[in-house]
Amino acid sequence: MDLETGFYQNRVKKESWRTILTLAYQSLGVVYGDLSTSPLYVYTSTFAEDIQHTETNDEVYGVLSFIFWTFTLIPLLKYVFIVLKADDNGEGGTFALYSLLCRHVKVNLLPSSQLADEELSTYKKDISTSPLQTTFGAKLKSTLEGYRVLQRFLLVLSLIGACMVIGDGILTPAISVFSAISGAELSLGTDHHLYIEVPVACIVLIALFALQHYGTHRVGFLFAPVVVTWLLCISAIGIYNIIHWNPTVYRALSPFYVYKFLKKTRKDGWMSLGGILLCITGSEAMFADLGHFSQLSIKMAFTFMVYPSLVLAYMGQAAYLSRHHVMENDYQIGFYVSVPQKLRWPVLVIAVLAAIVASQAAITGTFSIIKQCSALGCFPRVKIMHTSSKIHGQIYIPEINWTLMILCLAVTVGFRDTKRLGNAAGLAVITVMLVSTCLMSLVIVLCWHQNVLLAICFGIFFGTIEALYFSASLMKFFEGAWVPIAISFIFMMVMCIWHYGSLKKYEFDVQNKVSIDWLLSAGPTLGIVRIRGIGLIYTELVSGIPAIFSHFVTNFPAFHQVLVFICVKSVPVPRVRHEERFLVGHIGPRDHHIYRCIVRYGYRDAHKDDLQFENDLVCSIAEFIRTGKTGLNGNAAEELSKDLEDMTVLGTPSTHISGVQLREDNEVSSESVGSSKLREMHTTLITKPKKRVSFFIPETPKIDGGAREELRELMEARESGIAYILGHSYVRTKHGSSLFKKMVINFGYDILTKISRPPAYALTVPHASTLEVGMVYHV
């Protein structure tokens, strides 16, 4: 089952209960691994330093009450009942909220934006087609659109959330695996467990990261059973502890114990909130992984399985601690001390497996957020490998994988205890939640068009709770909380430098593009030798002719008989339908045989620039020639800039069976042509043996002689092969630029360009057919 295609999104009414239950079961292994392993380290981190476990049990009951209400208000009320509804065409996460805002308010800082993109079927969300209903909403919209500094602030806020997700991807495997293995403390001697935990944790982490390139689809079917077994295990242990040790522990669920706890512990109790916060680690995954499942399936899995299981587990631990006040060692206040002795080793094995599942979810989430940042032009080019041909969401990024492994091992070996790992993970988690709260408040007003008081209440209520936890976590800065800040700062600096350099590079292209008048004045031959084949010139411009073309012609006065300026661009939607993938248009008269093709991808789309992509591109151009379309639907073409050619929206051949189809083979049978309802155009070339290219053209509509000749030219060029022409840019600052700009461009952006994947590698174009044109950009 393809969980990433969005087939189930926004179709809850059409789903059968069997489908919903199946998705809910699968979501347990993908979404809730991190959240389910929190009982391993919550009590250990909470009682590590700030508060003590006393005979009155005020601290234990207060912590349980805090855990219950935090777990109820944030994951259940905020995410399940509110935030999950803010999906972006079935997708969730920080960038989904930002993308949603970009489409309703003109705050998009991505270059090469077009009015034609707003005609995409997924561009507007169904629930937000009504105009702004409040005066405040209209003023807020105009304010955001009028001040570029506010637009940059929104982008930076989204990037902060993304960087903290990356930090969580480093810390979650470390704390989950280390906490699971720490159960060996109770079975080994005090002098021995210290020498066992860290090496074993490192071995498990290395194995986990080393297996990433195989993809999770090979063992993914084990994820849900492992998490289900773990949840049933901890809930059963919780019920046993409640009945056996303290059946009245349920009274601690009253919010009165929160007040009593804070009144008694004061500052120390506030400082301990950093440990209590860990009970909601992984809550953001419910929203971030929404694209894999449906809203109803995620809600059902949390409400009927995850929520009661974890509440019972926390209550069981509190019941045990309420009857055990004398602890020989600090670690004995953790999870495993409440497990019956005969069950500790089996539970340890299940806990390690659950920790691996939780780690896998965090790593996969990091890969996904890096891909989204790269698609939005905010991260250097990386190699993105799709490990499954059916589930497109399963990706592997080698550079990021090994970077995560090194950093994860570093924090594990450096900290060696759950307390500081918990402080670090807590700050990363609560920062992402604060970012989501801020963006969600804007979505309520600008996208849902609700009353501003509702957005203010949402922001104040949840923002206050999260700010309280954030302040407590920040106070542990020197005790581990500095790690996610340092990691986020480094990744944030990389993202900002890359985005700034890419933006300046694009602005240089726009300012130095060649006018179409120059092309038209050159005549059909352009005064240049036309060689056989198709030349694909990759550019970031959606209009005009890039400067690298004139630079190429100046140094090499020859190019292919068919020339295509191709722009691969990302639009702020999760996915672009295949029917709307290409925008095709002429540059100049027909006899020039020069075209522009804009290929549009969403931030969740899989880029596959292979042989199939070449055939889709050629067929789209052929369909454009056959239909003779010259404009966009509606009045969009009239509003485009004057130097942008009229473009036609076309899909891939797989979605337009009635359009032009392409076939490549060694021989063409004339008998099959005669018996077909389609007419076949083919050429006979007296050359060395090579693949033959055939166009199958529908009977209607009739095409004129000029279009027929243009199709024949395109077919002959396709038979001769395709060459890829890419620009290899060297970006330098202009004379008189500020020192800061010189450091960012000449030093920072230059280093990132050298260590990132080259354009040819990122686009996965064949190296044997690639020609790079070097050019210096003075920005």
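Residues numbered from 1 in each chain as written. Predicted model: local features only at pLDDT ≥ 70, side-chain atom pairs only at ≥ 80, totals over all residues. Heavy atoms only, no water.

Let us look at the overall build of the protein. Counting secondary structure elements, the protein contains 27 helices and twelve strands. When burial is assessed residue by residue, the protein has 58% of its 779 residues classed as buried. Counting only contacts in the protein whose residues sit at least 6 apart along the sequence, the fraction spanning at least 24 positions is 83%. If you sum the accessible surface of the protein, you get close to 32,400 Å²; carbon and sulfur atoms cover 62% of it. (Helix = DSSP H or I, 4+ residues; strand = E, 2+ residues; numbered from the N terminus. Buried < 20%, exposed > 50% of the residue type's maximum accessible area, 1.4 Å probe, protein only. Contact = heavy atoms within 4.5 Å. Areas by Shrake-Rupley, 256 points an atom, 1.4 Å probe, with all protein chains shown as cover.)

It is worth spelling out the pairing of strand β4 (residues 558–570) at this point. Burial within β4 is extensive, with twelve of its 13 residues counted as buried. Direction of pairing for strand β3 (residues 529–538) relative to β4: parallel, over a ladder of eight bridges. Residue pairing in the sheet places G535 in a bridge with L563 of β4. Taken together, the eight bridges between β4 and strand β6 (residues 594–601) define a ladder with parallel strand orientation. In the sheet register, K569 faces β6, and the bridge partner there is R600. (Pairing = 2+ DSSP bridges.)

If you look at the biggest cluster of nonpolar residues, it comprises 193 residues, and the most contacted ones within it are L28, Y32, Y43, L64, F302 and F379. With 17 residues, helix α17 (residues 418–446) is the single largest residue contributor to this core. In contact with Y43, not counting residues within four places along its chain, are V63, L64, I67, Y314, Q317, A318, L321 and I333. I534, I621, F624 and L714 belong to the second-largest nonpolar core, a separate cluster that totals 28 residues. (Core = buried A, V, L, I, M, F, W, Y, C linked by side-chain atoms within 4.5 Å.)

Assignment of secondary structure puts Q295 in helix α14 (residues 295–321). Among the residues examined, Q295 registers a relative accessible area of 18% and is labelled buried.

What follows deals with the pairing of strand β5 (residues 582–586). Counted residue by residue, β5 has five buried out of five residues, so it is predominantly covered. Residue alternation in β5 divides its side chains into two sets, F582, V584 and H586 and L583 and G585, and both sets are buried. Bridge count for β5 against β6 is five bridges, and the pairing is antiparallel. Pairing of L583 across the sheet is with I598, part of β6.

This part covers the sheet that holds β5. Across the sheet, which stays open at both edges, the seven strands sit in the order β7-β5-β6-β4-β3-β11-β12 with mixed pairing between neighbours. What marks the edges here is a single partner per strand, and that holds for β7 (648–650) and β12 (770–778). Strand-to-strand twist of the sheet, defined as the mean angle between neighbouring strand axes without regard to direction, takes the value 25°. Here strand β11 (residues 722–732) runs beside β12; their pairing, made up of nine bridges, is parallel. The residue of β12 that forms the bridge with R732 is H778. (Axes fitted to C-alpha atoms, helices over the stretch in contact; angles between N-to-C directions.)

On the surface, a cluster of nonpolar side chains totalling about 500 Å² of accessible area is made up of L474, F477, F478, W482 and I485. Tracing the chain through its elements places L474 in helix α18 (residues 452–474). (Patch = residues over 30% accessible without salt bridge, like charges linked within 9 Å, V, L, I, M, F, W, Y side chains within 5 Å. Salt bridge = Lys/Arg side-chain N within 4 Å of Asp/Glu carboxyl O.)

Under the criterion given, the structure shown has 13 salt bridges. The salt bridge involving R718 is made with E614; its shortest N-O contact spans 3.5 Å. Taken together, the residues R718 in helix α25 (residues 705–720) and E614 in helix α22 (residues 611–627) connect sequence positions 104 residues apart. Given a relative accessible area of 7%, R718 falls into the buried group.

This paragraph deals with the packing of aromatic side chains. Enumeration according to the criterion identifies 22 aromatic pairs in this entry. Seen from their ring centres, F71 and Y307 are 5.5 Å apart, and the 5° between their planes marks the pair as stacked. Here Y307 lies in helix α14 and F71 lies in helix α4 (residues 58–80), a separation of 236 residues in the sequence. You'll find F71 and Y307 in the same group, each marked buried. On the accessibility criterion, Y307 (15% relative accessible area) is buried. (Phe/Tyr/Trp six-rings, centres within 6.5 Å; stacked < 30°, edge-to-face > 60°.)

The next point concerns the confidence of the model for the protein. On average, residues of the protein score 79 in pLDDT, and 79% of them reach the 70 mark or higher. Confidence drops under pLDDT 50 across residues 630–644; counting only partners more than four residues distant or on other chains, this segment forms 25 contacts. The model gives residues 667–689 a pLDDT under 50, and that stretch makes 43 contacts with residues more than four places away or in other chains. (pLDDT = per-residue confidence, 0-100.)

A few words on unusual backbone geometry. Of note, R266 is a non-glycine position whose phi angle comes to about 55°, a positive value. Within the secondary structure, R266 sits in the loop between α10 (256–265) and α11 (267–271).

For the rest of this paragraph, the subject is the packing of helix α15 (residues 344–375) against helix α16 (residues 398–415). Contact geometry for α15 and α16: axes closest at 10 Å, N-to-C directions at 135°. Relative to α16, the element α15 lies oblique. Seen from above, α15 lies across α16 with right-handed handedness. Contact residues: I363, T366, F367 and I370 in α15; I400, N401 and L404 in α16. A per-class count over the contact of α15 with α16 returns five nonpolar, two polar and no charged. (Parallel < 35°, antiparallel > 145°, perpendicular 65-115°, else oblique. Left-handed = near helix turned anticlockwise from the far one by under 90°. Nonpolar A, V, L, I, M, F, W, Y, C, P; charged D, E, K, R; others polar.)

Relative to the helices and strands, P758 is located in the loop between α26 (739–755) and α27 (759–762). Separated by 376 residues in sequence, P758 and V382 place their C-alpha atoms 8.8 Å apart.

Turning our eyes to something else, we now look at the state of the cysteines. With the rule as written, the count across this model stands at zero disulfides. Between C447, a cysteine without a disulfide, and C102, which holds the nearest cysteine sulfur, the sulfur-to-sulfur distance is 9.6 Å. Judged by its relative accessible area of 1%, C447 falls in the buried class. (Disulfide = S-S within 2.5 Å.)

What follows deals with the side chain of S322. Looking at the secondary structure, you find S322 in the loop between α14 and α15. For S322, the side chain forms a polar contact with the main-chain oxygen of A319, separated by 2.6 Å. Other than its neighbours up to four places away in sequence, S322 contacts N57, Y61 and N246. (Polar contact = N/O pair within 3.5 Å; in protein donor to acceptor, adjacent residues only side chain to side chain.)

Let's shift gears to the packing of α17 against helix α19 (residues 482–511). Following both chains from N to C, one finds α17 and α19 inclined at 50°, their axes separated by 7 Å at the closest point. One element, α17, and the other, α19, form an angle in the oblique class. The residues of α19 that touch α17, namely those facing A424, L427 and A428, are V483, P484 and I485. Of the residues contributing to the contact of α17 with α19, the split by class is six nonpolar, no polar and no charged.

Within the secondary structure, E719 sits in helix α25. Along the chain, E719 and I534 lie 185 residues apart, while their C-alpha atoms are 9.0 Å from each other.

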